[in-house]
Each structure stands twice: as structure tokens, then as C-alpha cells.
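Working through the structure, step by step
The residues making up each chain are set out below.
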Amino acid sequence: MNREEFLKQLGVAALLTCTGGTLFSCSQNDPAPTNVDFTLDLTTGQNSALNTVGGSVSANGVIVARLSTTEFVALSRSCTHEGTGVTYRSNQKDFYCSNHGARFSTTGAVLQGPAKTSLRRYNTELAGSSLRVFS
């Protein structure tokens with residue numbers, strides 16, 4: 001191999017390395033837990049925020065928020081952009097990632113990037129003071 005061929009191959013390898021790294025670092029991921037099935041006791045202090053409309057708690061990789069007196073929502077807690085934990089903002093009625101400003105609706109849909117993938121939504125079922133969260 002002569003010097004010119006070597007430099008061309010070196011340039012192509014460098015370009016692929018740089019491009020591959022950039023694509024990887026900006027890739028979307030889905031860190032959402034699977035096979036979710038747990039129950040939150042709303043009489044305990046750690047879950048008491050769910051007794052108030054607008055309250056939220058995180059458990060088992062899921063964030064649960066009380067949207068109204070009869071409606072709860074459970075979404076994967078990790079932002080689909082880079083995995084930072086999202087928080088529920090009751091005044092805006094959205095889920096917010098403080099890392100890069102991504103916003104998600106109460107259905108998990110992306111409202112504002114950089115995230116491009118929705119948060120996974122889980123089922124909820126209230127029975128007395130027990131809230132079941134399941135896939």
C-alpha cells in the first residue's frame with residue numbers, strides 16, 4: 001500500500017469513527033421497565049402525595065401522578081433521550097426532564113424534544129387505598 005492509499009483509508013476510518021460516536025451519543029433509547037406489576041399503598045407516608053390531585057411518586061422505574069380525583073397516570077420515569085428521571089409538573093400538566101428540557105404529555109407523548117420517543121405508559125387500577133400499576 002502506498003502513502004496516498006494509506007492516508008485515504010485513515011481519513012475514512014477517522015470519519016466513520018467520528019460519525020459513529022456522534023450517532024451513538026444522540027441515539028434514542030427505551031429504558032422503560034417491562035413486566036411491571038406492583039401496588040402502592042396510599043395510606044403510607046412515602047405514597048401520600050398520591051392522595052392529592054397533582055401529587056406524584058416514583059417507584060420501580062415508574063412515575064405515577066394523580067391527574068384528578070378519579071384518574072392516575074403511570075409512565076416510565078427515565079427520559080427516552082438520555083435516561084434522566086422525569087418529574088411531574090402539575091401546573092403544566094406535563095412530565096419534564098431537567099437534563100435537556102424534554103417535555104411529555106400525560107399520555108407519555110413527546111411535547112418538546114430533544115427526546116423523540118414517547119414514555120411508556122402503564123395501566124393503573126385503584127381499589128380502596130391500593131393503587132395497582134401494571135403492564
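To start, this report covers the structure provided alongside it.

**Re the overall build of the protein chain**
Looking only at helices and strands, the protein chain has one helix and 10 strands in total. Going from N to C terminus, the protein chain has its helices and strands arranged as α-β-β-β-β-β-β-β-β-β-β. For the protein chain, with 135 residues in total, the buried portion stands at 30%. Contacts in the protein chain between residues at least 24 apart in sequence constitute 42% of all its contacts with a sequence separation of at least 6. For the protein chain, the computed accessible surface area is about 7800 Å², with 52% contributed by carbon and sulfur atoms.

**Some words on the nonpolar core**
Leu40, Leu50, Val62, Val64 and Val133 are the most contacted members of the largest nonpolar core, which totals 15 residues. Of all the secondary-structure elements, those providing two or more residues to this core are strand S1 (37-41), strand S2 (56-59), strand S3 (62-66), strand S4 (72-76) and strand S10 (130-134). Among the nonpolar cores identified, the runner-up in size contains 14 residues, and Val73, Leu75, Phe95 and Ala115 belong to it.

**Examining the pattern of salt bridges**
Within the structure shown, the criterion is met by three salt bridges. As a salt-bridge pair, Asp94 and Arg89 come within 2.7 Å of each other at their nearest N and O atoms. Classification of Asp94 by relative accessible area gives buried; the value is 0%. The salt bridge involving Arg103 is made with Asp94; its shortest N-O contact spans 2.8 Å.

**Describing the side chain of His81**
You can see His81 is positioned in the loop between S4 and strand S5 (86-89). His81 sits in the buried class, given a relative accessible area of 12%.

**Concerning the pairing of S4**
For a regular strand, the rule is simple: side chains alternate between the two faces of the sheet. The buried fraction of S4 amounts to five of the five residues, a majority that puts the element mostly inside the structure. In the sheet, S3 pairs with S4 via five bridges, with the strands oriented antiparallel. Residue pairing in the sheet places Ala65 in a bridge with Val73 of S4. Counting the residues between successive antiparallel strands, the hairpin from S3 to S4 contains five residues.

**Structural notes on the sheet that holds S1**
Taking strand neighbours across the sheet as the criterion, the six strands line up as S1-S10-S9-S4-S3-S2 in an open arrangement whose pairing is antiparallel. One side of each edge strand has no neighbouring strand; the edge strands of this open sheet are S1 and S2. Across the sheet, the axes of successive neighbouring strands diverge by a mean angle of 25°, strand direction being ignored. Inspection of the sheet shows strand S9 (residues 121-127) paired to S10 by five bridges, in the antiparallel sense. In the strand pairing of S10, Asn123 is matched with Phe134.

**Considerations on unusual backbone geometry**
Look at the link from Gly113 to Pro114: it is a cis peptide, with omega at 25°. One non-glycine residue, Asn35, lies in positive phi territory at about 50°. Considering the arrangement of structural elements, one finds Asn35 in the loop between helix H1 (3-25) and S1. Among the residues examined, Asn35 registers a relative accessible area of 73% and is labelled exposed.

What counts and how
- Residues numbered from 1 in each chain as written.
- Predicted model: local features only at pLDDT ≥ 70, side-chain atom pairs only at ≥ 80, totals over all residues.
- Heavy atoms only, no water.
- Helix = DSSP H or I, 4+ residues; strand = E, 2+ residues; numbered from the N terminus.
- Buried < 20%, exposed > 50% of the residue type's maximum accessible area, 1.4 Å probe, protein only.
- Contact = heavy atoms within 4.5 Å.
- Areas by Shrake-Rupley, 256 points an atom, 1.4 Å probe, with all protein chains shown as cover.
- Core = buried A, V, L, I, M, F, W, Y, C linked by side-chain atoms within 4.5 Å.
- Salt bridge = Lys/Arg side-chain N within 4 Å of Asp/Glu carboxyl O.
- Pairing = 2+ DSSP bridges.
- Axes fitted to C-alpha atoms, helices over the stretch in contact; angles between N-to-C directions.

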